[in-house]
Every structure is written in C-alpha cells, then in structure tokens.
Amino acid sequence: MTPRTKIIGTGHSVPERILTNFDLEKMVDTTDQWIIERTGIHERHIKEPEQNNSDFCVEASRQALEEAGLGASELDMIILATVTGDMRFPSTSIFVQARLGAHNAVVFDIGAACSGFLYALSIADNMIATGKYTKILVIGSECMTHVTDWSDRNTCVLFGDGAGAAVVTKSDSEKGIIASYMGSDGRLAHLLYSSGGGTVSPASYESVDNRDHYLKMAGRDVFLHAVKAMGDSAQRALDEAGLTGNDIDLLIPHQANVRIMDATAKRIGIPREKVVINIDRYGNTSAASIPIALNEARRTGRLLPGMTCLMVVFGGGFTWASAIVKF
Ligand code: UT7
C-alpha cells in the first residue's frame, strides 16, 4: 500500500476587526434577518487596510509548525492556495517563506478560488507519495474584502478574511488521507470572477470605473451548481474510500452558505450534529474556509484522534474537491 499523508499540525488566523450584519445594514439595503436566513452569517472578520494576506498566513503557519514540533527550516515545500495575494507577483508564498525562515523549502501559490486548500492538500499528498518531499506546509488564505464591492448587497454581505494552515508528512500508520477527489469546469467561469488587473481588463481608470477589480457573482446559479457539485464530490471520495456517510465522524464543508452545507450533509446522510459550521462568525473566507474550520474543530476537541473526517469544497472556476482524512 502506498504510504499515506497525515496532518500533524494546524493553525488559523483572522483579523481582529469584526463587521456585523448590523454594520452592513448601515452600508447597503439589507437586514440582519435576511443575511442570517439566506446564508447563516452573523458577522465576519475583515482586515485593516495595512494588513496583507501573508500576515495571516504567517500567523496560521507558526501555530501549525508549533503543533507539529517542527522548525520552519525543516519544511521542504510550501503550497499556498489564494486568489487574493499580496502582489500580482511574486507569489504570496515567497513572502511567507521569507518571514517564516523556511529557506530549505520550494514554495508556490495555486489559484483554485474556494477549492484551493483541498487542491493544495491533494498536491501535497501526491508530492509526499513521490518520496522526494517529506514535510509540507499547506495554506489556504484569502483577503476577500480586497475584492469586495461594498456597494453591492448581493455579494458584500458574504465574505470575510483569514488564513488556515496544515503541516503534512508521511504516515507510518492508517492515519492520513484515505481518499481525495478534484474537479473543474471552465465553461462556468463567467458566474464567479474578478477581471480587473488581469489581461482581460488591465488596471486603468476605465477598469476602476467599471468596478472590474471587485468580485462578480451570479449567486443563484452558483448556489445551484454548488449544491450538486458538493454532494457529488463528497460521494466520490466516499466511493473511493469504500465508505458511506455512516462512517464519517465529522463533515467539514466549505462555509459559503448554511443551506448548501445542509443540502450536502443530507445528500450523504450525515446528521447536522456531525457538521462543522462556523460561517456565522467568519462568513465565506474562500480558500481559508476549510483550514480555519479544521483547526477550530481540532483545537476545540470536536475532531479527535481516531475520527474520520470528510472535507468538501466548491468555488469559482468552477472548481470542487473533497478529501477524507483519518486523524
Ligand atoms: O464560495 C464560492 C461559492 N459561493 C457560493 O456558494 C454562494 C452561492 N450563492 C448563495 O449563497 C446565494 O445565492 C446568495 C446568498 C448569494 C443569495 O441567496 P438567494 O436565496 O440565492 O437569493 P437571490 O440571489 O435569489 O435573491 C433573492 C432576493 C433578490 O430580490 P428580488 O430580485 O427577488 O426582489 C435579491 O435582490 O434577495 C435580494 N437580495 C438581498 N436582499 C437583502 C440579495 N442580496 C440581498 C441582501 N439583503 N444582502
């Protein structure tokens, strides 16, 4: 049997500043009640203007490394999933590497929107399987408020900022990633995107006037695709592992909408009490959503050694992914 990849440390970091639904009521035509009923969100953490994506990565990574009992110089790879990095280039992982002192690692970013962390985890799993890499830091981090249009009530109520990280290494037991699955469909890119600053819409007075630097989303369409893809992805991972929903101790779904999470859990027969939900406090943090929830579940004792955890995501692209991990 190919050796598995196990998670040996996790961490997360969010900005201190909290924006509540009541704050948003003063900014756009919305209500606390609408936001809670339609999404499950009560508040979200938003960064200060001078804070950068890499700040949250570094804090989350330090926690993960500390729990793993590793020094940053022992890492041989850092994979950072983000679509809201510090700069256009170099990659944000470059700044994280420098600040952590992970000078023996090769580092790179991947962009898969909300699905980024599980894509990165799967890449790390395959890198470990080659035997060439032994200790990999996987990060999902996002400054979604950097691309939030605060005048668009359809989207500005949904997102928050933060980062989560996990250190992975080879497993010498049954613990580790049991199954994983990834999918994409580029035909649906027009339903969720931000074009400003790319070659499609280079930064200009016109791109600013057009609000191209902000996120655009056809919410209803995304919702329908998310429900289907999250359910399908979860089922694919279960099939690969030869498990059913009954074998899953904890479901960590992407925190985009509590109704999508409920539909996903129902589809695979997992009761609400086994579903990690923290969207009420963080909103949708895109690539950071899974690792923030994972770290909270571990640190609060909800996810305990011996448990089998299913994680499932969906995001812009569209992209989707799932992973089953035995802790
Ligand atoms: O993480 C990546 C994946 N992202 C997602 O999975 C997000 C998926 N989409 C969603 O979660 C939901 O579609 C939303 C939460 C974005 C919207 O909920 P919905 O139930 O799909 O509402 P809707 O877009 O169909 O809009 C219903 C009504 C509209 O009014 P009319 O046209 O019926 O008069 C909207 O204008 O709700 C209105 N509306 C709002 N009302 C108060 C939209 N946003 C707001 C708001 N406050 N913030």
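Residues numbered from 1 in each chain as written. Predicted model: local features only at pLDDT ≥ 70, side-chain atom pairs only at ≥ 80, totals over all residues. Heavy atoms only, no water.

This part takes up the overall build of the protein. Counting secondary structure elements, the protein contains 11 helices and 13 strands. Taken over the C-alpha trace, the protein has a radius of gyration of 19 Å; the compact-globule value for 327 residues is 20 Å, and the two agree within 12%. Dimensions along the principal axes, computed over C-alpha positions, put the protein at roughly 55 × 45 × 35 Å. By the burial criterion, 54% of the 327 residues in the protein qualify as buried. Within the protein, counting contacts between residues at least 6 apart in sequence, those at least 24 apart form 76% of the total. Carbon and sulfur atoms make up 51% of the accessible area of the protein, which amounts to about 13900 Å² in all. Taken as two groups, the 31 positive and 38 negative side-chain charges of the protein have centres that lie 5 Å from each other. (Helix = DSSP H or I, 4+ residues; strand = E, 2+ residues; numbered from the N terminus. Rg over C-alpha atoms; globule rule 2.2 N^0.38 Å. Buried < 20%, exposed > 50% of the residue type's maximum accessible area, 1.4 Å probe, protein only. Contact = heavy atoms within 4.5 Å. Areas by Shrake-Rupley, 256 points an atom, 1.4 Å probe, with all protein chains shown as cover. Lys, Arg positive; Asp, Glu negative; His and termini not counted. Charge placed at Lys NZ, Arg CZ, Asp CG, Glu CD.)

It is worth spelling out the site of the ligand at this point. Of all residues adjacent to the ligand, which total 23 residues, the nearest are T30, R38, R220, N257 and N284. Here a nitrogen atom of the ligand sits 3.4 Å away from a polar atom, N or O, in the side chain of W34. Separating an oxygen atom of the ligand from a side-chain N or O atom of N284 is a distance of 2.7 Å. Relative to its free-state accessible area of 950 Å², the ligand is covered by the protein chains to the extent of 75%. Elements supplying a minimum of two residues to the shell around the ligand: α2 (32-39), α6 (153-156), α8 (219-241) and α9 (258-267). Tallying contributions element by element places α8 first for the shell around the ligand, with 4 residues. (Near = heavy atom within 4 Å. Polar contact = N/O pair within 3.5 Å; in protein donor to acceptor, adjacent residues only side chain to side chain.)

Counted according to the given criterion, the structure contains 11 salt bridges. A salt bridge links R99 to D55; the shortest N-O distance between them is 2.8 Å. Highlighted residues: R99 in helix α4 (residues 92-100) and D55 in helix α3 (residues 53-68), separated in sequence by 44 residues. The exposure class of D55 is partly exposed, given its relative accessible area of 25%. (Salt bridge = Lys/Arg side-chain N within 4 Å of Asp/Glu carboxyl O.)

Right, let's talk about the sheet that holds strand β7 (residues 161-170) for a bit. Spatially, the 5 strands line up as an open sheet ordered β1-β7-β6-β4-β5, and their pairing is mixed. Taken across any chain shown, the strands that pair with only one partner, and hence form the sheet edges, are β1 (5-13) and β5 (106-110). Neighbour-to-neighbour, the strand axes of the sheet open up by a mean angle of 15°, direction not taken into account. Alignment of strand β6 (residues 135-143) against β7, held across 9 bridges, turns out to be antiparallel. In the sheet register, L137 faces β7, and the bridge partner there is V167. Of the strands in this sheet, β1, β4 (77-81), β5, β6 and β7 touch helix α5 (residues 116-130), which is tilted by about 170° from β6. (Pairing = 2+ DSSP bridges. Axes fitted to C-alpha atoms, helices over the stretch in contact; angles between N-to-C directions.)

This brings us to the packing of α8 against α9. The angle between the axes and the distance between the axes are what describe a pair of packed helices. Two elements in contact, α8 and α9, have axes separated by 9 Å at closest approach and are oriented at 30°. As judged from the angle between their axes, α8 and α9 are roughly parallel. Taken as a pair, α8 and α9 cross one another with a handedness that is right-handed. Along the contact surface, α8 presents R220, F223, A226, V227, K228, M230, G231, D232 and Q235, while α9 presents R259, I260, A263, T264 and R267. Taken together, the residues of the contact of α8 with α9 break down into 6 nonpolar, 3 polar and 5 charged. (Parallel < 35°, antiparallel > 145°, perpendicular 65-115°, else oblique. Left-handed = near helix turned anticlockwise from the far one by under 90°. Nonpolar A, V, L, I, M, F, W, Y, C, P; charged D, E, K, R; others polar.)

Right, let's get into the UniProt feature "active site" (unreviewed entry) in the protein. The UniProt record annotates "active site" (unreviewed entry) at C114, H254 and N284. Of the residues just listed, which span 171 residues, no C-alpha pair is farther apart than 8.7 Å, and they cluster in one region. Tracing the sequence through the fold places C114 in the loop between β5 and α5. Under the relative-accessibility criterion, C114 is labelled buried at 9%. When neighbours within four sequence positions are excluded, C114 is seen to be in contact with H254, N284, S286, A287, V313, F314 and G315. With residues up to four places along the chain from it excluded, the contact list for N284 reads I41, C114, M144, L158, F159, G160, H254, Q255 and A256. (UniProt positions renumbered as here; feature names shortened; annotations may be inferred.)

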